[in-house]
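Fold and geometry: a report
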Amino acid sequence: MDTYKFRKQIHKLPGKVIHHVPLPEPQVVEGHGARVRIGEICKACGYKHVLLVTDQTLQKLGYEQKIVQSLEEAGVVCSLFADIDSEPNIALIDTGRKMAMECQAECVIALGGGSVMDTCKMIAAGVKMPHLKTKTLLRKFLVVPGKTLPMITVPSTAGTGAEVTVGAVVTNARGTKGSTVLVGLDVTHVILDSELTIHAPQLVTAACGMDALSHVVEGTLSDVAVYVEDAYHSLEGVRLILQHLPVVMREPENIESRLAMCRAAMYGGNAINTQLAGYIHAFAHSIGAKYHIPHGQAITLMMLPVMEYQKEVCLEKYAIMARYCHLVEESASDNEAAECFLQAVRELIVTCGLDKLELPVQPADYEELTRMVAADSINYSAPMTFSNEDIVKVLERVTKV
Ligand SMILES: [Fe+2]
């Protein structure tokens, strides 16, 4: 069934709903090795005991040690939960909630990528609702009484923006992934530490960078009214990524560019919170789930096909981004500027070494994928509503021949 008319009618709804979700207003601490300041931050907040959560990979690299040491020096007791070895699920959240309650943690420190961040958000919320089982917390909107436990987020990749987003993606008891928006999420500090991203594998840097780019681009394109500051942050995110992602691909240890990418990724998180995503994500989620493609790679595959398909509708916004990033002279026409912007994205994908990704889609899957894309798209306020035919036309561009 083509849900086009229904989707078109409700397309502004997500943008209106999201405005009623209070957003965290974290203090941002930025620098190479900046996580050593966490001890003094916790001390200043008056915390006596905190829960530090990270994943097994980062623990093997010893990335949590500087945080543990700084907490020790500040006289703050730290319990460590370093067993995250998968995407968030009920068992991980249960363990974290139990630890946080047993040690009476006053704050959760999340060191890691999107999985650690999302697990910690659910832990920080669950502690405030001890009477509820974790599985009952997994709903579309989780309204936390007051606020969650305070969180300090320390992203180890420059990509997801999960350090500030109010959503958490968790696998439920049936093995299905679902997104929960936490109403009352209290991220008090974001620590942007380039020391954590500087040794990331090239593919991770590239795919995460493209994911971050998709957040700020889709935010800018969305049909959601936002404050000038939020719109500016998204544009600035686009500029930072176009300028600095090629640098970190060429010079992985360039601290200035690594920090710029961390900042851009955080702006991407703000874009998701305030402007929502769009069809690049609807397609990427669908082909990612169907063919088991990591998010950043699925995003890269879908970015140009979607952007080219909606060029006519988005011409002015593409031109705005091109002019903001100084890709063209002010006198250039919207059409020229828009084409320059698309060309910059094309070149960036090549620079990142992601232009040879295999095209995964098969015609036999069009029907199922179309349903998936249409269903996912109702979470966003995209600039145009794709009909089923539109969706298939975009799928054809990433079809294996
Ligand atoms: Fe994304």
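Residues numbered from 1 in each chain as written. Predicted model: local features only at pLDDT ≥ 70, side-chain atom pairs only at ≥ 80, totals over all residues. Heavy atoms only, no water.

**What to know about the overall build of the protein**
A tally of regular secondary structure across the protein gives 17 helices and nine strands. A compact globule built from 401 residues would reach a C-alpha radius of gyration of about 21 Å, and the protein, at 21 Å, matches this within 12%. If you line up the protein on its principal axes, its C-alpha atoms span 60 × 45 × 40 Å. Across the 401 residues that make up the protein, the buried fraction comes to 58%. Relative to all contacts within the protein whose residues are 6 or more apart in sequence, the contacts with residues 24 or more apart total 81%. Summing over all exposed atoms, the protein offers an accessible surface of approximately 17200 Å²; the carbon and sulfur share of this is 54%. Placing the 36 positive and 46 negative side-chain charges of the protein at their respective mean positions leaves the two points 6 Å apart. (Helix = DSSP H or I, 4+ residues; strand = E, 2+ residues; numbered from the N terminus. Rg over C-alpha atoms; globule rule 2.2 N^0.38 Å. Buried < 20%, exposed > 50% of the residue type's maximum accessible area, 1.4 Å probe, protein only. Contact = heavy atoms within 4.5 Å. Areas by Shrake-Rupley, 256 points an atom, 1.4 Å probe, with all protein chains shown as cover. Lys, Arg positive; Asp, Glu negative; His and termini not counted. Charge placed at Lys NZ, Arg CZ, Asp CG, Glu CD.)

**A closer look at the sheet that holds strand β9 (residues 187-193)**
Ordered in space as β1-β9-β6-β4-β2-β3, the six strands form an open sheet in which the pairing is parallel. Edge positions in the sheet fall to β1 (27-31) and β3 (77-84), since each of these pairs with one other strand and no more. Shown here is a sheet whose adjacent strand axes are inclined to one another by a mean of 15 degrees, direction ignored. Here strand β2 (residues 49-55) pairs with strand β4 (residues 107-112) via four bridges, running parallel. Looking across to β4, one finds that Val53 is bridged to Ala110. Contacts between helix α7 (residues 114-126) and the sheet are confined to β2, β3, β4 and β6 (151-155), with β4 contributing the most and set at about 170 degrees to the helix. (Pairing = 2+ DSSP bridges. Axes fitted to C-alpha atoms, helices over the stretch in contact; angles between N-to-C directions.)

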